Amino acid sequence: MSAVRIGIVGIAGRMGQAITREIAASNGAAVLGGGIEQPGNPTLGQDPGLLAGVGASGVTITEDTAALFGNVDVVIDFSPPAAVGKHAALAAQGRTAYVVGTTGLEPAQFEALQKAAHHCAVVQSYNMSLGVNILAGLTRQVAAMLGEDWDIEIVEMHHRMKVDAPSGTAIMFGEMAALGRGQPLEKISDRGRDGITGARKRGDIGFAALRGGNVAGEHSVIFAADNERIELTHKATDRSIFARGAVRAAIWTKGKAPGLYRMADVLGLAG
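Residues numbered from 1 in each chain as written. Predicted model: local features only at pLDDT ≥ 70, side-chain atom pairs only at ≥ 80, totals over all residues. Heavy atoms only, no water.

Colleague: For the sheet that holds strand β7 (residues 151-158), give the residues involved together with the corresponding values.
Modeller: With mixed pairing, the 5 strands of this open sheet are ordered in space as β8-β9-β7-β10-β11. Each edge of the open sheet carries a strand with a single partner, namely β8 (189-190) and β11 (228-236). Inspection of the sheet shows β8 paired to strand β9 (residues 205-211) by 2 bridges, in the parallel sense. Of the residues in β9, the one forming a bridge with Ser-189 is Ile-205. (Pairing = 2+ DSSP bridges. Helix = DSSP H or I, 4+ residues; strand = E, 2+ residues; numbered from the N terminus.)

This is the structure:
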């Protein structure tokens, strides 16, 4: 089987370099097909393989987004949410598979992804980690087994540079917990406790976001009842786990029909 040609949005950033390293470690299943950066970025014209420390890749970093989507099999994108709509349209136009790990997406960006999924394979996930996706499934199962006498709290911590809160992964855990209870998350989500808030509302799912240092990502789903507590926790110590999952998703898209997929589909956990 021929190698999947992968393009990377934001290839010179920390995640872009981690993805480049994972492609180099894919044993020929994938090759780096190109990468883009913002106009004026000092890495434009450089070889991203050399930048990531894996040797020359034979491609150069450009700012030509349309050319990237037109010259590869799949594009991996962890860029800011505002760019996702434009990139989704380019993916649809070129029938180029699209793997999106961006968090903080708004309804308009989800709509753009849904439209693109009519023309190409789109994999969207708040978190590409195998462990996180297993934990999400467990969260749904536990929530379904426990009644509303058990309070659900989701606590997450990330590095000081993260701009959105709660994290996309925390929201994913909340959605799975709400699904287990047969409720839409938006009706039972509690994200703003400050001051005299009153007693906790029965059935709500609470969120708390912590920021500091260089924490790659820590999440805990806490089920608390009188006199006992269950905690499901995942700790990421390096962003390479997200890059590894993104490359796995990109390789998985080869030959897939157009559609909107999740990481659970990629990992065979959708059931």
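Colleague: Mind laying out a nonpolar patch on the surface, listing which residues take part and the relevant values?
Modeller: Nonpolar side chains collect at one region of the surface, where Leu-130, Ile-134, Leu-138 and Leu-269 lie side by side and expose about 310 Å² of accessible area between them. Structurally, Ile-134 is set in helix α6 (residues 130-145). (Patch = residues over 30% accessible without salt bridge, like charges linked within 9 Å, V, L, I, M, F, W, Y side chains within 5 Å. Areas by Shrake-Rupley, 256 points an atom, 1.4 Å probe, with all protein chains shown as cover. Salt bridge = Lys/Arg side-chain N within 4 Å of Asp/Glu carboxyl O.)

Colleague: Can you break down helix α1 (residues 14-24) residue by residue, with the values?
Modeller: Across the 11 residues that make up α1, a large majority, 8, are buried. The inward-facing, buried residues of α1 contact β1 (4-9), β2 (30-36), α2 (48-52), β4 (74-77) and α9 (240-252). (Buried < 20%, exposed > 50% of the residue type's maximum accessible area, 1.4 Å probe, protein only. Contact = heavy atoms within 4.5 Å.)

Colleague: Lay out the pattern of salt bridges in plain terms, naming residues and giving numbers.
Modeller: Scanning the entire structure with this criterion turns up 12 salt bridges. One salt bridge in this structure joins Arg-244 and Glu-22, with 3.8 Å as the shortest N-O distance. One end of the pair, Arg-244, is in helix α9; the other, Glu-22, is in helix α1, with 222 residues separating them in the sequence. Overall, the relative accessible area of 44% leaves Arg-244 in the partly exposed class. With a relative accessible area of 17%, Glu-22 lands in the buried category.

Colleague: Provide a residue-level description of helix α4 (residues 84-94), including the pertinent values.
Modeller: Three or more residues of α4 are buried, namely Val-84, His-87, Ala-88, Leu-90, Ala-91 and Ala-92. As for α4, its buried residues are in contact with β1, α3 (65-71), β4, β5 (97-100) and α5 (107-116). Looking one or two residues past α4, Arg-95 carries a phi angle of roughly 55°, positive in sign.

Colleague: Talk me through the side chain of Thr-102; I want residue IDs and the actual numbers.
Modeller: You can see Thr-102 is positioned in the loop between β5 and α5. Exposure remark for Thr-102: the relative accessible area of 3% places this residue in the buried category. Discounting residues that sit within four places of it in the chain, Thr-102 has contacts with Asp-77, Phe-78, Ser-79, Pro-80, Pro-81 and Val-84.

Colleague: Hey, could you go over the nonpolar core for me, with residue numbers and the actual values?
Modeller: In this structure, Ile-6, Ile-19, Ile-23, Ile-76 and Val-99 are the most contacted members of the largest nonpolar core, which totals 33 residues. Excluding residues that lie within four positions of it along the chain, Ile-76 makes contacts with Ile-6, Gly-7, Ile-8, Val-9, Ile-19, Val-99, Ala-246, Val-247 and Ala-250. (Core = buried A, V, L, I, M, F, W, Y, C linked by side-chain atoms within 4.5 Å.)

Colleague: Tell me about unusual backbone geometry, and name the residues and values.
Modeller: Pro-166 follows Ala-165 through a cis peptide bond whose omega is -10°. The residue Pro-166 is located in the loop between β7 and α7 (168-180) in this model. Of note in this structure, Asn-27 is not a glycine but carries a positive phi near 55°. Considering the arrangement of structural elements, one finds Asn-27 in the loop between α1 and β2. Take Asn-27: its relative accessible area is 78%, and that puts it in the exposed class. With a phi angle near 55°, Arg-95 is a residue other than glycine that sits in the positive phi range. With respect to the secondary-structure elements, Arg-95 resides in the loop between α4 and β5. Here Arg-95 falls in the exposed class, since its relative accessible area comes to 53%.

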